[in-house]
Amino acid sequence: MKVLQEGPLANLLNRLMDLILLNVLWFVCCLPVFTIGAATCGLYEVTMRYALYESPPVMSTFFQAFRKHFKNATHLTFLFLAMGIFLAADLWCAFQWKSSIQFLIFVVILAVGYFYLALLSHVFPVLTYFHIGVKESVKKAFFLSMSNGIFTIFIMVLNLIPVFLILLFPVYFGQILFFYFIVGFSVIAYLSSLHLIRLFDPVRAKEAEELEEEQRRLRGQK
C-alpha cells in the first residue's frame, strides 16, 4: 500500500502503513480465538519477507498464509493454550500451597514456563517458514530456540512487552491497547523476524542483505 512514491521518507511511511494494515488484519482475524495461530502465521509470512527486503502485497500474502497453515496452526493454538492453562493452574496452586518446598516448586514451574515461552515465540514462525507439520514444527522450534542463546530471551521479552506495560501502567490500559491494536503487534513481529530469518536461513538472509546493499549503492550513483 504505497502512500508516497520516492525517497527514504516515502519508503518509511509506506512500510508504516503496511504494518498498520497488517496489524489490523491480525487483530481482527484473532477475534475468534481459535484462529490466533493461523493469523500469526499470516503475520509472520509478511514480516519475514520484509526481513528479506521484499515488498509483498499485505492482504493477499496474509490470507494466503492464513489459509495454507490454518489446520496445523489451529492444532498448535489448542496445544499451547492447554499447556498455558495447565502452567497457570500449577502456578496458582503453588501460591495456595504453603510448604517447605514451595520455593522449589516455583523454580520448577518458572523453568518449565521459560521453555514454554521459548517454544511459543518460535513455533508459529517455524511453521510459517518451513511449511512442516505440527510435531516437526514443535521439535524444530525447540532446538532453534535453545540454540538461539540470548536472542531467544530478546524475542520472548519483545512478545511480552504488552503484558509488562499493562502491569506497570494499568492506568494507561486503554492507550496501550489502542497502540497495539493500530501497529504494536506487527512491529513486534517485524523486529523478531529481523533476527529469526537469520536463524532460520542464514545463507538466504545474507544474500538478501547483500543484494539490498548493492541496489542501494546503484540508487546512490544515480
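Worth saying up front: this structure is predicted, and the values here are computed from it rather than measured.

## Description of the overall build of the protein chain
A count of helical and extended segments in the protein chain gives nine helices and zero strands. Taking the principal axes of the C-alpha coordinates as reference, the protein chain spans close to 75 × 40 × 30 Å. In the protein chain, which comprises 222 residues, the proportion classed as buried is 37%. Element-wise, carbon and sulfur atoms account for 72% of the exposed surface of the protein chain, whose accessible area totals about 13000 Å². Side-chain charges in the protein chain split into 17 positive and 13 negative, and the spacing between the mean points of these groups amounts to 5 Å.

## Overview of the layout of surface pockets
When its volume is computed, the largest pocket comes out at roughly 1000 Å³. Lining the largest pocket are 28 residues, and of these Trp26, Ile36, Thr40, Leu120 and Asn159 sit closest to its centre. Mapped onto the lining of the largest pocket, the elements with two or more residues apiece are helix 1 (8-29), helix 2 (36-51), helix 4 (70-96), helix 5 (102-130), helix 7 (150-168) and helix 8 (173-200). In terms of residue class, the lining of the largest pocket is made up of 24 nonpolar, four polar and no charged.

## Notes on the nonpolar core
It is characteristic of soluble globular proteins that their nonpolar side chains tend to be buried jointly. In terms of nonpolar packing, the biggest core is built from 44 residues, with Ala39, Phe62, Ile197 and Phe200 touching the most fellow members. Listed by contribution, the elements that provide at least two residues to this core are helix 1, helix 2, helix 3 (58-68), helix 4, helix 5, helix 6 (134-146), helix 8 and helix 9 (202-221). Once residues within four sequence positions are removed from consideration, Phe62 is found in contact with Leu22, Leu25, Trp26, Cys29, Ala39, Gly42, Leu43 and Val46.

## Some words on the packing of helix 2 against helix 3
Geometrically, a packed helix pair is captured by the angle between its two axes and the distance between the axes. In the contact formed by helix 2 and helix 3, the axes pass within 7 Å of each other and the chain directions differ by 130 degrees. Our classification of the angle between helix 2 and helix 3 gives oblique. Once helix 2 is placed against helix 3, the crossing between them reads as right-handed. Where helix 2 abuts helix 3, its residues Ala38, Ala39, Cys41, Gly42, Leu43, Glu45, Val46, Arg49 and Tyr50 lie against Val58, Thr61, Phe62, Ala65 and Phe66. A per-class count over the contact of helix 2 with helix 3 returns ten nonpolar, two polar and two charged.

## What to know about helix 6
For helix 6, which comprises 13 residues, the first-to-last C-alpha distance of 18 Å matches the rise-based estimate of 18 Å (1.5 Å per residue) to within 8%. Residues of helix 6 that are buried include every one of Ser137, Ala141, Leu144 and Ser145, and no others. For helix 6, the angular spread of buried residues about the axis comes to 90 degrees, placing them on one side. Exposed residues on helix 6 whose side chains face more than 90 degrees from its buried face are Lys135, Lys139 and Phe143.

Cut-offs and rules
Residues numbered from 1 in each chain as written. Predicted model: local features only at pLDDT ≥ 70, side-chain atom pairs only at ≥ 80, totals over all residues. Heavy atoms only, no water. Helix = DSSP H or I, 4+ residues; strand = E, 2+ residues; numbered from the N terminus. Buried < 20%, exposed > 50% of the residue type's maximum accessible area, 1.4 Å probe, protein only. Areas by Shrake-Rupley, 256 points an atom, 1.4 Å probe, with all protein chains shown as cover. Lys, Arg positive; Asp, Glu negative; His and termini not counted. Charge placed at Lys NZ, Arg CZ, Asp CG, Glu CD. 1 Å grid on protein atoms, 1.4 Å probe; cavity = no way out; pocket = protein on both sides within 12 Å on 5 of 7 lines; lining within 4 Å. Points joined across faces, edges and corners; volume = space filled by probe spheres on them. Nonpolar A, V, L, I, M, F, W, Y, C, P; charged D, E, K, R; others polar. Core = buried A, V, L, I, M, F, W, Y, C linked by side-chain atoms within 4.5 Å. Contact = heavy atoms within 4.5 Å. Axes fitted to C-alpha atoms, helices over the stretch in contact; angles between N-to-C directions. Parallel < 35°, antiparallel > 145°, perpendicular 65-115°, else oblique. Left-handed = near helix turned anticlockwise from the far one by under 90°. Expected span 1.5 Å × (residues − 1). Arc of directions from axis to C-beta.

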